[in-house]
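The primary structure of each chain is shown beneath.
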Amino acid sequence: PDPVLGKGVLVQTTLWGNLILGPTARDTYKPEARDMSNATVQEYILSKCKELVPYFDAKETIHAFCGARAKNSRGDWIIEHSEKDKQFIHAAGIDSPGLAGAPAIALDIVRLLQGAGLKTPANLAFNPNRAPIITPKQGMKGLKMGALGKNDSHGAADVDDQK
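Quantities reported herein were computed from a predicted structural model and do not represent experimental measurements.

Draft legend 1. Layout of helix 3 (residues 98–115). Along its length, helix 3 reaches its greatest deviation from straightness, about 35°, at A104. Here helix 3 has its buried residues at G98, G101, I105, L112 and L113. Looking at the buried positions of helix 3, the neighbouring elements they touch are strand 3 (78–81) and strand 4 (89–92). The positive-phi residue at the C-terminal boundary of helix 3 is G117, with phi of around 100°.

Written out as structure tokens, the structure reads:
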């Protein structure tokens, strides 16, 4: 991780062979991070990706995304009762590793609500086992992932995709 530009960069492939790059996060309340140009941030991400995957070609990028990460001035997650209504729970500023912590956060919120007097009877019809949703893709058709003939619908990456 870079002390100014973020928490680290990753490179991973999708099921179709595309590369996903990033993310990086900047604490925009810090002037050295807030005042960086978009080009500087992009150069940083691409340089880190090239360290991880030297053959990566930035010209083959098909999409770019951006977003905001939850931050607050307390320096920690906020999971607490509202001062006005104890059965209203604030769950805010939940940044990394919030996704991994989500099940425990949910249990904590239920405990807070129960402590505030909310009745939570067991749902006897609830099934905690959920089958995965798998949607098979039909090859690479329609994906544009680089130069003509390189892992796209005109290339030879998968003969069955040409049908």
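Draft legend 2. Examining the nonpolar core more closely. In this structure, V9, V41, Y44, I45, C49, V53 and F56 together form the largest nonpolar core, which totals 7 residues. Leave out the neighbours within four places in its chain, and V53 touches V11 and L19.

Draft legend 3. Fine view of the environment of A58. Structurally, the position occupied by A58 is in the loop between helix 2 (38–52) and strand 3. You can call A58 partly exposed: its relative accessible area is 32%. Separated by 11 residues in sequence, A58 and S47 have C-alpha atoms that sit 10.0 Å apart.

Draft legend 4. Geometry of the confidence of the model for the chain. Model confidence for the chain is summarised by a mean pLDDT of 77, while 75% of its residues fall at 70 or above. Mean pLDDT values over the elements of the chain span from 76, in strand 2 (residues 19–22), up to 95, in strand 3. Predicted confidence is poor over residues 151–163, with pLDDT under 50, and the contacts of this stretch with residues over four places away or in other chains come to 25 contacts.

Draft legend 5. Representation of the side chain of S82. Relative to the helices and strands, S82 resides in the loop between strand 3 and strand 4. Judged by its relative accessible area of 10%, S82 falls in the buried class. Within the structure, the side chain of S82 is placed 3.1 Å from the backbone nitrogen of K84, a separation counted as a polar contact. Here the side chain of S82 touches D85 through a polar contact of 3.5 Å, landing on its backbone nitrogen. Sequence-distant contacts of S82, that is, excluding residues within four places in its chain, are made with F88 and H90.

Draft legend 6. Examining the pairing of strand 2 more closely. One ladder, built from 4 bridges, connects strand 1 (residues 10–13) with strand 2; its direction is antiparallel. Within strand 2, the position partnered with T13 by the bridge is L19. From the end of strand 1 to the start of strand 2, which pair antiparallel, there are 5 residues, and G17 there has a positive phi angle of about 95°.

About the thresholds
- Residues numbered from 1 in each chain as written.
- Predicted model: local features only at pLDDT ≥ 70, side-chain atom pairs only at ≥ 80, totals over all residues.
- Heavy atoms only, no water.
- Bend = angle between axes of the 7 residues up to and from the residue.
- Helix = DSSP H or I, 4+ residues; strand = E, 2+ residues; numbered from the N terminus.
- Buried < 20%, exposed > 50% of the residue type's maximum accessible area, 1.4 Å probe, protein only.
- Contact = heavy atoms within 4.5 Å.
- Core = buried A, V, L, I, M, F, W, Y, C linked by side-chain atoms within 4.5 Å.
- pLDDT = per-residue confidence, 0-100.
- Polar contact = N/O pair within 3.5 Å; in protein donor to acceptor, adjacent residues only side chain to side chain.
- Pairing = 2+ DSSP bridges.

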